[in-house]
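Chain and residue survey
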Amino acid sequence: MQHCSIRAVLASLPAWESVNPGDISRVFEDGGRNLGNLFPETGLPNVLALLQRLEEPGKPDNRQSNRGAGTGGRISVPLINLHKTRLNDPLSWFMGTNDQPGDYRSSGCASCHVVYANDRDPRHSGPYATFGRDGESISNDPVIPKNESGHPLQHQFTRAIPTSQCMVCHMHQPNMFMNSYLGYTMWDYESDAPFMWPKEQQNLSIAEQREVLDRNPEGAVVRGKWANIDFLRNVTDLNPSLQDTQFADYHGHGWNFRAVKKRDLRDNLLDADGNLVANDDPDKFQKAVHLSSIHVDKGMLCVDCHFTQDNHGNGHIYGEVASAIEVECQDCHGTVQSYPNLRTSGPAAPPGGTDMRLYRNEDGRRRFEWRGDQLIQRSVLDPEIEWTLSLVKDSVNPAHDEYNEKAARAKTMRDDVAAQDWGPDVAPENLAHKDEEMECYTCHTSWMTSCAGCHLPIEANWKTDRHHYEGGATRNFATYNPQVARDQMFMLGRRDPLNDSKIAPVRSSSALVLSSTNANRERIYVQQPPIAASGFSSQAMNPHFPHTTRKTETKTCSNCHLSAAGDNNAWMAQLLLFGTNFVNFIGFNAWAGLEDGVLGAQVTEWDEPQAVIGSYLHRYAYPDNYQQHQDNDDVLQTAATHSGGPATCVQVRGEYLYTAEGSNGMQVYDNANIANKGFSQRIVELPFSKVGHDTDVGSKDASCVALPTNQPIHPPRNSGDLMRIDNQEQAFHPIYSYAFVTDGQEGLILVDVTTFSDGDVNNNFVQRALTWNPDDVLAGARHITIGGHYLYIVAERGLVIVNVDDPLLPLVLAVVPLVDARASALQFRYLFVSDNTGLRVIDVTNPAAPELLENASVAIHDAQRIYVARTYAYIAAGSEGLAIVDVWNPEAPKLLQIFSADGELRNTRDVVVGSTNASLFAYIADGEAGLKVVQLTAPDSQPNFYGFSPTPVPELIASYPTRSPVLSLSKGLDRDRGVDETGGQIAVFGRKGARPLSLEEMQKLYLDAEGNPWYVEDE
Amino acid sequence: MWKMNRICFLTFVTLLTTVALAELPGDDAYTYMGVATCAASQCHGSAVPRNGSNVLQNEYVTWTQDDPHSRAYQTLGSNRSKRIAARLGLKSATTAKMCLDCHADNVPAERRGERFHLSDGVGCESCHGGAENWLVTHYDVPNIAHAASVSAGMYRTENIEKRAALCLSCHLGTRDKFATHRMMAAGHPRLAFELDTFTELWRTAGRQAHYRVDADYRERKGAVSHSYTWAAGLLAEGRQRLQLINGPRFAANSLFPELSFYDCHACHRSMKTLQWRSLPRHGGAGPGAPFIHDGTLVMAMALARVISPTDGDAIEAGLTALHRASGKNVASIRMAAQELDTTLTSLQSRLSPKLLRGRELQLLREILATGAEGNYLDYISAEQAFMAVQMLVIELDDPFLEDQLDPIADTLNNDERYRPAQFAAILATVAEPEEKPANIDDERND
């Protein structure tokens, strides 16, 4: 049964505080003689904390609890959300919370089969839309109060269940997030912020916050207007006045959902014919296509596809929702070769499939019926509505009225990349896009949700009820805070074997970062991504059906293959799951290397939303704090440093900061307590005696350090039969155990750094695993970029490409001579390099045969470090400031602008970019002028801020002057990188056996048999 | 116990006589509830046959998936039906009474329940009767006897005579609904029917049978042999045909009689070759005379020769008279038809399962011998003969005989190219197994 994703047992949800944590975060304790704590540790029954009285002096408590894993502070934070917030609650055997529009329902059978008024949109509620969204009764029964929320329309069972009823549960992330079907996604707190945040900063009392958070687990709500139910239920009244977005009329959990509109990659609104809709057009939201599923547009509700078999299940317990589904696209639409037989063919379908011809609607009529050559489906809700189904076979038949050339081209394309011919005569086995190998919705997806991050901050002083299992109350609580929910990311991977390992869209699924504030209000860890049981990063991905199927707004050829125009390199990097350095998470602190050490500067609020200080969101969500910031002349107030240096490269991963510090060699700092007020020194080199801890690797002239991923991982976990056989996990590539250090004199140094993720602080000793510099090829090595098992090292001779497929036996693949090269950045087929002329571009499609593109360069007087975020390269340009280069087509880079912030940028050395909520930010190492924060897009400066790559409109919003020059910056957490450039998996994949594409599979999308790139045109 | 049964039985008979005058489903006064009311997965819509139930419970599934009756209404929407309707001057086949009467459960609008839909074609209640009064009780077995449901309006499809009347009402026609030559000329296919063959074809149409004759079926409803079903069907069809000849259908106000009573191929044949031939039973009709469709009556004659030879002679005489009369005038035909009907009625009144028991091989020999002599001159007789032979071979349950069926069927796969001599020749080759066939399954007999 296991291969069918059927589970033999279903365990009760364990108490969150007794589950082994996925993260390896530590809690630092002073050690020595502890006095009894006034605030007993979480879950520790012994209030006197006797066991803690004597501790080995000066060691952090690597157990996070006296009693081992799953006790005390060593708990699973994600589970607290399951237990204590509305995030997954209530399960259907409890009544709905009946708090807000979108929350009204009953329990058990009636939770679906008895209809409540939840939503006034007829596309969501069908015929029930007229009954409002307040859960009020329309019954004639005189004893049922009218105008009181929480009653069903009538106490009557029905099979005519509207989508709005489904959305009571399926609107939140762990429950399929079906907003996409209706064309909505999570609101990001930024669009139309002026309407949604109070003019005066809202500082609710703890009691008031508690009342709101009981209804709505999102931390930001306590500062927003939508904390007020009346405001919330009337949010759609704002729609006519809104500039940035439109809201949905349902508000399950008290949330707001924004509409997703058809946009081009630069985020211009588009109408049905693909024409631009101006941002100042008063009817822009009516003209721009709303990207709901075509099925919604036709009037179909959830129950018009998901019939009995999908909704009631078959009695088995399934591990994944997708495995419990019977219906598939082709069951009703057929294939190129055949008409639909109306039998289900999904993973849960019985042998031969369930016969959907048997289905009848409530009025007794057949749900499906062939009428001549047409297949008719009747609406479950409205007996008079019937639809004629699109039949794939007809759409590719030139003789048929329904023939669609674009569809025929895509569906009958031959798998001959040179000829690219197509038509009805292509044999099924020669089709490029075979039904057996890819899901229909790989192309028939207009957009998909990507939840690039979710912050779960557990707090020890919020005594709250536990909703599950044993019940009771504990003193902890965690809010739920989506960080970056974008709608323009499109990524591919392979489904699980149960779904025939087909190619399917992959989304980033709620990549968590966890924080913990203890009873003394000490932040004992901050925004730590946990590590999956498989050792992979928790920036989780999963193949899924986005439910945003459309006929016109589909994916096109150049969405998965190289465009002839050469302008989709960034898109391809996203597609293949390499990440685009756009949604990266800088977080609470920006990390910088100084001439004499390292710096961690607080750049956001701690409360939710964690707005970047001085940003657009900050202005609206925290008017008082924003004013204070302005009064401070935009100077950030909080930072911690540690002396050392010169730190020419810094990279944070987990609770450690890796630096290259010249003659100090490579250093690994412990920065776990950066926000812990119980610590006077927030960044430490030695948490205790050097005898028990040594994390520097001496070298002559360490110039740079790079980690294969900045997502916390632990490769040793990924071994054994449990991983290979039971969990069907891929193995880690061996590079993931190492840090790669360049040294101007010694060349390349490899250091095994897995000790930092094993959860044991008593073994933190690192040493060289390899020193490598054959023929002094790496003399003067100054910068390193890792792309899979290829290293791109900038040295005196130019660019040296090294193959570390066997990390301890590196091979020089190629050397590209460059004069005074400084740094590089990789994006899919191109490596961007700075040298004394400015920006250069090297084609590394084949890393063994790199090609310096002579015509692809941008002159910059003093080009330093480079950061490429989607289609723009940001180059620290020394005294000129920040150079922003348009690299839509990397072979034809164009300078967009040099931004100097009116001369405030004085000596930029490094730049990193990250997203916070809907906005893009650049963090700049500005030499002696300190750290600078620049808002690149904001709803007021760039109305097209939602797109794949809106044009940046930089604006300096904050700075932090440092006592010594800022040389380097740590890249933010990669939240959209699931696999590396050579197919090595990094992030965990949901759905057992699902995975990113292998290198060979990726290359099939753009290289021919000889290894040469081939190109497509969409028309 | 025995007494109890007797009392029940008496009640049953009494009730039966009141309803039995009956009428076919649709002629009653009940409301028709619609296929959807039967289709729940716990009722007759189970995905698979249920064990431990007195019925299979997947009847709705079988009907939907494999039973052409479920598509009877859809057929009216086909391009062919549209052409037929146009030729007949109908607005649409899907609304014309003459089409709906057999392609749907065309009960009057006021007797259609909320979930009743004409589009379900020939649905559950088309045969089982309007369920208004038995829908919510009939499944309460064993508390509710089949008889109680019958008394509440369920049609006794298990009763062969009733079943024959029911099927024939469309597959042959009645004075009220009838597939006329005009309809066929417009494109409607020819009708062919034989009760046992069609029962079996339909009962086992799908992967699952519509019903299974097992112990509790026998207990609740009784069961008869294939040969009895065949025989009763033949007589019923023969009689109904003769009665229709006596009714207004046969000769309306028209120059020609209703031509669908005639053998289609009597006229519809190539003019290139001379194919007209006659047999003694045709009463010496001259070249070119069209013959009344007598395939069923010829089989009735064969039946009678085995179970009641005098009746056999009488049927042959009546048939000859009928053919001879058809060369004269309508009144003569009707008179001959009436006489023949009397003969059949007499035979029908004596027909019983017992009378047929053990006669299967004899019947087979009779039909084969008649055929080998070239008596199945027209395709329709040959078709009836084959269906009878097949039924008997299956009843005899002998693989040796069964193996010989396919070659016979092959000679009949195209009615346009039917060659009587070939058919006669192949019947002559049918050999009997060396040993006597095993005893016929007595359980099948009542």
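Owing to the predicted nature of the structure, the values given are computational and were not obtained by experimental measurement. (Residues numbered from 1 in each chain as written. Chains lettered and ligands numbered in written order. Predicted model: local features only at pLDDT ≥ 70, side-chain atom pairs only at ≥ 80, totals over all residues. Heavy atoms only, no water.)

**Description of the packing of helix H14 (residues 295–307) of chain B against helix H16 (residues 330–350) of chain B**
Residues and elements named next belong to chain B. So the rule is basically this: Lines are fitted to the C-alpha atoms to define the axes, a helix being fitted only along its stretch in contact, and any angle between axes, read from their N-to-C directions, falls within 0 to 180 degrees. The secondary structure listing takes helices from DSSP runs of H or I that are at least 4 residues long and strands from runs of E that are at least 2 residues long, numbered from the N terminus. Here the angle decides the label: under 35 degrees means roughly parallel, over 145 means roughly antiparallel, 65 to 115 means roughly perpendicular, and every other value means oblique. Left-handed describes a crossing in which the near helix is turned anticlockwise from the far one by less than a right angle; the clockwise case is right-handed. We call two residues contacting when some pair of their heavy atoms lies within 4.5 Å. Under the scheme applied, nonpolar residues are Ala, Val, Leu, Ile, Met, Phe, Trp, Tyr, Cys and Pro; charged residues are Asp, Glu, Lys and Arg; polar residues are all the others, including Gly.
Following both chains from N to C, one finds H14 and H16 inclined at 45°, their axes separated by 12 Å at the closest point. Regarding the angle of H14 to H16, the classification is oblique. Here the hand of the crossing between H14 and H16 comes out left-handed. When H14 is examined against H16, the residues Leu297, Ala300, Ala304 and Ile307 are found in contact with a partner set consisting of Leu340, Leu344 and Leu347. Its residues placed into classes, the contact of H14 with H16 shows seven nonpolar, no polar and no charged.

**Focus on the environment of Ile793 of chain A**
All names here are of chain A. How we decide: Only protein chains enter the accessibility calculation, which uses a 1.4 Å probe. A residue is then buried if its area is under 20% of the maximum for its type, exposed if over 50%, and partly exposed in between.
Locating Ile793 in the fold gives a position in strand E37 (residues 790–795). Ile793 gets classed as buried once you look at its relative accessible area, which sits at 0%. A sequence separation of 28 residues divides Ile793 from Ala821, and the C-alpha atoms of the two residues are 10.0 Å apart. If sequence neighbours within four positions are ignored, Ile793 has contacts with Thr742, Leu748, Leu778, Ala781, His783, Ile784, Gly798, Leu799, Val800 and Val802.

**Let's talk about the sheet that holds strand E50 (residues 931–937) of chain A**
Residue and element names in this part refer to chain A. So the rule is basically this: At least two DSSP bridges between two strands are required for those strands to pair.
On the basis of which strands lie adjacent, the open sheet formed by four strands has the order E48-E49-E50-E51 and antiparallel pairing. Strands at the two margins of the open sheet, each flanked by one partner only, are strand E48 (910–916) and strand E51 (955–960). Across the sheet, the mean angle from the axis of one strand to that of its neighbour is 25°, orientation sign disregarded. Note that E50 and E51 share five bridges and pair antiparallel. By the bridge assignment for E51, Val933 is matched with Ala958.

**Things to note about the domain arrangement of chain B**
Convention followed: What fixes the domain bounds is an automatic or database domain assignment.
Partitioning chain B into structural domains gives domain 1 (1–156) and domain 2 (227–444). Summarising the inter-unit geometry, the C-alpha centres of domain 1 of chain B and domain 2 of chain B are found 31 Å apart.

**Considerations on a nonpolar patch on the surface**
Residue and element names in this part refer to chain A. Heads up, the rule is: Exposure above 30% relative accessible area and the lack of any salt bridge qualify a residue for a patch; like charges then connect within 9 Å, and the nonpolar side chains Val, Leu, Ile, Met, Phe, Trp and Tyr within 5 Å. Computed by Shrake-Rupley with a 1.4 Å probe, the accessible areas treat only the displayed protein chains as cover when residues are assessed. Salt bridge criterion: a side-chain nitrogen from Lys or Arg within 4 Å of a carboxyl oxygen from Asp or Glu.
Residues Leu91, Trp93 and Phe94 make up a contiguous nonpolar surface patch of about 330 Å² in total accessible area. Within the secondary structure, Trp93 is located in the loop between helix H1 (77–84) and helix H2 (110–113). Among the residues examined, Trp93 registers a relative accessible area of 60% and is labelled exposed.

**Digging into the pairing of strand E19 (residues 491–494) of chain A**
Residue and element names in this part refer to chain A. Both faces of E19 are covered, namely the face carrying Met491 and Gly493 and the face carrying Leu492 and Arg494. Two strands pair when backbone bridges link them, and E19 and strand E20 (residues 503–508) are joined in this way by four bridges, in the antiparallel orientation. Looking across to E20, one finds that Leu492 is bridged to Pro505.

**Looking at the interface of chain A and chain B**
To keep it simple, the criterion reads: Here's the idea: put two parts together, see how much 1.4 Å probe accessible area each one loses, and the total over both is what we call buried area. Contacts described as polar in this section are N or O atom pairs within 3.5 Å, which, within protein, must combine one atom able to donate a hydrogen with one able to accept it, while residues neighboring in sequence count only if both atoms come from side chains.
Taken together, the 15 residues of chain A in the interface contact 17 residues of chain B. Summing both partners gives a buried area of about 1200 Å² for chain A against chain B, and 42% of it is carried by carbon and sulfur. Sorting the residues of chain A by area buried against chain B places Leu358, Arg360 and Arg366 of chain A first, and these three jointly supply 45% of that buried surface. Joining chain A to chain B, the criterion identifies two salt bridges. Where Asp120 of chain B meets Arg360 of chain A, a salt bridge forms, and the shortest distance between an N and an O atom there is 2.7 Å. Counting the contacts that link chain A with chain B gives eleven residue pairs in polar contact (both at pLDDT 80 or more).

**Re empty space enclosed by the protein**
All names here are of chain A. Note the following rule: Only protein atoms enter the calculation, which uses a 1 Å grid: trapped sets of points that fit a 1.4 Å probe without letting it out are cavities, open sets showing protein on both sides within 12 Å along at least five of seven lines are pockets, and any residue with an atom within 4 Å of a point is a lining residue. Grid points are joined across faces, edges and corners, and a volume is the space filled by probe spheres set on the points.
Scanning the model with the defined rule gives 16 cavities of 30 Å³ or more in all. In this structure, the largest cavity occupies an estimated 730 Å³ of space. Sorting the residues of the lining of the largest cavity by element identifies strand E28 (649–653), strand E32 (702–706), strand E36 (783–787), strand E40 (823–827), strand E44 (866–869), E48 and strand E52 (966–969) as the ones contributing at least two each. In terms of residue count, the dominant contributor to the lining of the largest cavity is E40 (five residues). Taken together, 22 residues line the second largest cavity, and the ones lying closest to its centre are Gln527, Ile586, Trp591, Val652 and Gly654. Only strand E22 (523–528), strand E25 (589–594) and E28 provide two or more residues apiece to the lining of the second largest cavity. Class assignment of the residues belonging to the lining of the second largest cavity gives a composition of eleven nonpolar, nine polar and two charged.

**Re the sheet that holds E52 of chain A**
Residue and element names in this part refer to chain A. The four strands lie next to each other as E27-E26-E25-E52, forming an open sheet whose pairing is antiparallel. Where the open sheet ends on each side, the last strands, each with one partner, are strand E27 (639–643) and E52. Each strand of the sheet is rotated relative to its neighbour by a mean of 25°, with strand direction disregarded. As paired elements, E25 and strand E26 (residues 597–602) share six bridges and run antiparallel to each other.

**Overview of the pairing of strand E23 (residues 537–543) of chain A**
Residue and element names in this part refer to chain A. For E23, the buried fraction is high: seven of the seven residues fall into the buried class. As judged from the three bridges shared by E20 and E23, these two strands associate in the antiparallel manner. Residue pairing across strands places Val506 opposite Pro543, the latter belonging to E23.

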